[in-house]
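Listed here are the chains, written in short residue letters.
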Amino acid sequence: GAVVSQHPSWVICKSGTSVKIECRSLDFQATTMFWYRQFPKQSLMLMATSNEGSKATYEQGVEKDKFLINHASLTLSTLTVTSAHPEDSSFYICSASDSRQGAAAAFFGQGTRLTVV
Amino acid sequence: KQEVTQIPAALSVPEGENLVLNCSFTDSAIYNLQWFRQDPGKGLTSLLLIQSSQREQTSGRLNASLDKSSGRSTLYIAASQPGDSATYLCAVPITGGGNKLTFGTGTQLKVEL
């Protein structure tokens, strides 16, 4: 299957600082990538859709100014958590599908464990 | 709004047992359904993808079925092994949302020696 790489796998940051998470599709192009968040013992919740070359679209209740998304190329999307606070501590996962395929399987990155202290 | 539910929430079985995980969804207008495995603190591994035109998919000891009309899917694991211990998630595309997924609540499986 297709490979999606996410970096870093974990990060600890101080409250008030910003953290950038990268999501790369290694062997295919993805015009669209998705960012999810997972709190402990809960399932994944979609945060936003990252669109190559255009603005991201955010789900209801997700602050676009806090979670900045950039999708500058067909293989890279970044999520920046700005002015992080302890309540932002969570597991963040990205996904992508091969743009050349229609109803294709979604492949996920390894996830990033963010801890804000 | 699509809601996806998985039963049971947790399951513990002895090694070698065959088991079935259940997934139900409220909106049957889906074009595929995907089963994932998640190990603790890790990302998701895609196990099986069933297109809406298909009834089932098989991969090794795994078999997934789909009944759109009743809004149900099952994941059958044959001859379970301790290495199968993980959380299993089913997911369907959000209506009109391309490959945006709505995830089920998950089933935490433990296979004991």
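Structure: see above.
Read on for a plain summary of the structure. (Residues numbered from 1 in each chain as written. Chains lettered and ligands numbered in written order. Predicted model: local features only at pLDDT ≥ 70, side-chain atom pairs only at ≥ 80, totals over all residues. Heavy atoms only, no water.)

1. With respect to the nonpolar core
Argument step 1. Trp35(A), Phe67(A), Leu79(A), Tyr92(A) and Leu114(A) are the most contacted members of the largest nonpolar core, which totals 24 residues.
Argument step 2. Taken together, the elements giving at least two residues each to this core come down to β2 (10-13), β3 (19-25), β4 (32-38), β5 (44-51), β7 (67-73), β8 (76-81), β9 (90-96) and β11 (112-116) of chain A.
Argument step 3. Filtering out sequence-adjacent residues up to four positions away, Leu79(A) remains in contact with Val19(A), Lys20(A), Ile21(A), Trp35(A), Phe67(A), Leu68(A), Ile69(A) and Tyr92(A).
Argument step 4. Counting 22 residues, the second largest nonpolar core, distinct from the first, contains Leu19(B), Leu66(B), Ile77(B) and Cys90(B). (Core = buried A, V, L, I, M, F, W, Y, C linked by side-chain atoms within 4.5 Å. Buried < 20%, exposed > 50% of the residue type's maximum accessible area, 1.4 Å probe, protein only. Helix = DSSP H or I, 4+ residues; strand = E, 2+ residues; numbered from the N terminus. Contact = heavy atoms within 4.5 Å.)

2. Things to note about the sheet that holds β3(A)
Residues and elements named next belong to chain A.
Argument step 1. Strand order in the open sheet formed by four strands is β1-β3-β8-β7, with antiparallel pairing between adjacent strands. Unpaired on one side and paired on the other, β1 (4-7) and β7 mark the two borders of the sheet. Averaged over all adjacent pairs, the angle separating strand axes in this sheet is 15 degrees, with direction ignored.
Argument step 2. Relative to β8, β7 runs antiparallel, the two sharing five bridges. If you follow Phe 67 over to β8, its bridge partner there is Val 81. (Pairing = 2+ DSSP bridges. Axes fitted to C-alpha atoms, helices over the stretch in contact; angles between N-to-C directions.)

3. Focus: the state of the cysteines
Argument step 1. A full pass over the atoms with the stated rule returns two disulfides over all chains.
Argument step 2. The partner cysteine of Cys23(B) in its disulfide is Cys90(B), sulfur to sulfur 2.0 Å. The sign of the 80 degrees torsion about the S-S bond sets the Cys23(B)-Cys90(B) disulfide as right-handed. Here Cys23(B) is found in strand β3 (residues 19-25), whereas its partner Cys90(B) is found in strand β9 (residues 86-93), with 67 residues between them in sequence.
Argument step 3. No disulfide involves Cys13(A); its sulfur sits 18 Å from the nearest other cysteine sulfur, which is in Cys94(A). (Disulfide = S-S within 2.5 Å.)

4. Looking at the packing of aromatic side chains
Argument step 1. Per the stated rule, a full pass over the model turns up six aromatic pairs over all chains.
Argument step 2. A ring pair is formed by Phe108(A) and Phe103(B), whose centres lie 5.7 Å apart and whose planes are at 75 degrees; its orientation type is edge-to-face. Pair noted here: Phe108(A) is in strand β10 (residues 107-108) and Phe103(B) is in strand β10 (residues 101-103), and the two residues belong to different chains.
Argument step 3. Centroid distance Phe36(B) to Phe103(B): 5.7 Å. Interplanar angle 45 degrees. Geometry classified as tilted. Pair noted here: Phe36(B) is in strand β4 (residues 32-38) and Phe103(B) is in strand β10, with a separation of 67 residues, a long-range link. Each member of the pair Phe36(B) and Phe103(B) is classed as buried. (Phe/Tyr/Trp six-rings, centres within 6.5 Å; stacked < 30°, edge-to-face > 60°.)

5. Here we look at the side chain of Arg37(B)
All names here are of chain B.
Argument step 1. Considering the arrangement of structural elements, one finds Arg 37 in strand β4.
Argument step 2. A polar atom in the side chain of Arg 37 sits 3.4 Å from the backbone oxygen of Ser 85.
Argument step 3. Residues in contact with Arg 37, not counting those within four places in the same chain, are Gly 43, Leu 44, Thr 45, Leu 47, Gly 83, Asp 84, Ser 85, Ala 86, Thr 87 and Tyr 88. (Polar contact = N/O pair within 3.5 Å; in protein donor to acceptor, adjacent residues only side chain to side chain.)

6. Comments concerning the sheet that holds strand β1 (residues 4-7) of chain B
Residues and elements named next belong to chain B.
Argument step 1. The antiparallel open sheet is built from five strands, whose spatial order is β1-β3-β8-β7-β6. Of all the strands in the sheet, the pair left with one neighbour each is β1 and β6 (56-59). With strand direction ignored, the average angle separating the axes of adjacent strands in the sheet is 15 degrees.
Argument step 2. With four bridges connecting them, β1 and β3 associate as antiparallel partners. Paired with Gln 6 across the bridge in β3 is Cys 23.

7. Remarks on the interface of chain B and chain A
Argument step 1. Facing 21 residues of chain B, the contacting portion of chain A comprises 22 residues.
Argument step 2. If you sort the residues of chain B by the area they bury against chain A, Asn99(B), Lys100(B) and Phe103(B) come out on top, with a joint share of 35%.
Argument step 3. Where chain B packs against chain A, one counts one salt bridge.
Argument step 4. Ionic pairing is found between Lys100(B) and Glu59(A), a salt bridge with its closest N-O pair at 3.4 Å.
Argument step 5. Taken together, the links from chain B to chain A amount to six residue pairs in polar contact (both at pLDDT 80 or more).
Argument step 6. At the level of secondary structure, the elements contributing two or more residues to the side of chain B that touches chain A comprise β4, β5 (44-51) and β10 of chain B.
Argument step 7. The residue makeup of the side of chain B that touches chain A, split by class, is eight nonpolar, 11 polar and two charged. (Buried area = accessible area lost by both parts, 1.4 Å probe. Salt bridge = Lys/Arg side-chain N within 4 Å of Asp/Glu carboxyl O. Nonpolar A, V, L, I, M, F, W, Y, C, P; charged D, E, K, R; others polar.)

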